Amino acid sequence: MSLRIPIRPIATCLILAAPALRASNPIITDVLTADPAAMVHDGTVYLYTGHDEAPDKTNRYVMKDWLCFSSTDMVNWTPRGSPLGVKDFSWSKGDAWAGQVIARDGKFFWYVPTSHATIHGFAIGVAVADQPTGPFKDARGSALITSDLTTDALDAAGKQISWDDIDPTVFIDDDGQAYLFWGNTKCRYIKLKPNMVETDGPIVNVDLPHFTEAPWIHKHGDLYYLSYAYGFPERTAYATAPKITGPWTYRGIINELAGNCNTNHQAIIDFKGRSYFIYHNGGTPQGGSFRRSVCIDYLYYNPDGTIKRVVMTSEGVAPAAP
Ligand code: FUB
């Protein structure tokens, strides 16, 4: 009996197991991901996304849960499953729209918009976990923001809209004060108590040109940045301020219309010495406005703190330096 060494299959396995040397956009193609939010924690990037499940020819959002992925190089992404779904909020009647996770005092808080079962319109809830990958559970048993608190977002006919309480983003300022920003049509913020699950004080409106939705707050140097979806179909614009409470100065467009998709929904992070612009487009073969996928490209600042326009690529980014 001769001993035959199956060289080819072993070589194939090795190639398949090797980490990717460069990403390509979209970064995930075996499942449809939308509305990225990213958090850097202990040398790892956690990417939280929505999950588009609209069948072909269904032109509305079908979104029931959120997904999590992690990476230490921005190129190789490990699926971490779905640590949160609309079923985890007893007061939700569906719609897992764009959220964000933030860490505080050893816990992880996931702020999400979802349709309220008994108060007409979208509401914002918060789930909590001991690990960035969950499991997450409803932190309150009730919504944090409901649409009866915000009655001034109107459509073109002057009618109150029911989807203005969406797209929460949370930022903890240097003095420890946390702020929840959110909105569609109107951008708003409110302070959070240190426990991160109760609001503190009034809702404040922020006036931004052509604000559609998707606010994201970050800080670079001494400047605060509020990026957001501008117009519709959406581009991404931004404003800056010397304090998180403003005054906000509009600075212009940083990203153009994303390919084959009405929405753009950005997150901005720094990781291992580089800045990243994370967004979605309709870039898979079945892609479109209701079948979106997350992409990542570099973000660059000018010396005066303004942001250069993002160059969306199909090649994506190179692995972050160790
Ligand atoms: O995914 C549903 C909605 O589409 C999000 O909440 C918006 O930001 C837009 O991307």
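Data block above holds the structure.
Scoring rules and cut-offs
Residues numbered from 1 in each chain as written. Predicted model: local features only at pLDDT ≥ 70, side-chain atom pairs only at ≥ 80, totals over all residues. Heavy atoms only, no water. Near = heavy atom within 4 Å. Polar contact = N/O pair within 3.5 Å; in protein donor to acceptor, adjacent residues only side chain to side chain. Areas by Shrake-Rupley, 256 points an atom, 1.4 Å probe, with all protein chains shown as cover. Nonpolar A, V, L, I, M, F, W, Y, C, P; charged D, E, K, R; others polar. Helix = DSSP H or I, 4+ residues; strand = E, 2+ residues; numbered from the N terminus. Contact = heavy atoms within 4.5 Å. Pairing = 2+ DSSP bridges. Axes fitted to C-alpha atoms, helices over the stretch in contact; angles between N-to-C directions.

**Overview of the site of the ligand**
Near the ligand you find Asp-35, Tyr-61, Met-63, Trp-97, Ala-98, Asp-167, Glu-213, Thr-263, His-265, His-280 and Arg-292, and these make up its full shell. Within the side chain of Tyr-61, a nitrogen or oxygen atom sits 3.3 Å from an oxygen atom of the ligand. The contact in question runs from an oxygen atom of the ligand to an N or O atom on the side chain of Asp-167, over 2.6 Å. Calculation on the ligand without its partners gives an accessible area of 280 Å², and the protein chains cover 99% of this total. Across the shell around the ligand, the residue classes tally to four nonpolar, three polar and four charged.

**So, the side chain of Ser-92**
On the secondary structure map, Ser-92 appears in strand 6 (residues 92-94). Among the polar contacts listed, one links the side chain of Ser-92 to the backbone nitrogen of Gly-94, at a separation of 3.0 Å. Residue contacts for Ser-92: discarding those within four places in its chain leaves Val-86, Thr-114, Ser-115 and Ala-117.

**Quick look at the sheet that holds strand 13 (residues 187-192)**
Ordered by their spatial adjacency, four strands build an open sheet running 11-12-13-14, and the pairing between neighbours is antiparallel. Each edge of the open sheet is held by one strand with a lone partner, namely strand 11 (169-172) and strand 14 (199-206). Within this sheet the neighbouring strands show an average axis-to-axis angle of 20°, counted without direction. Judged from the five bridges that link them, strand 13 and strand 14 form a sheet pairing that is antiparallel. By the bridge assignment, Lys-191 is partnered in strand 14 with Asp-200.

Limitation: the analysis is restricted to geometry and does not speak to function.
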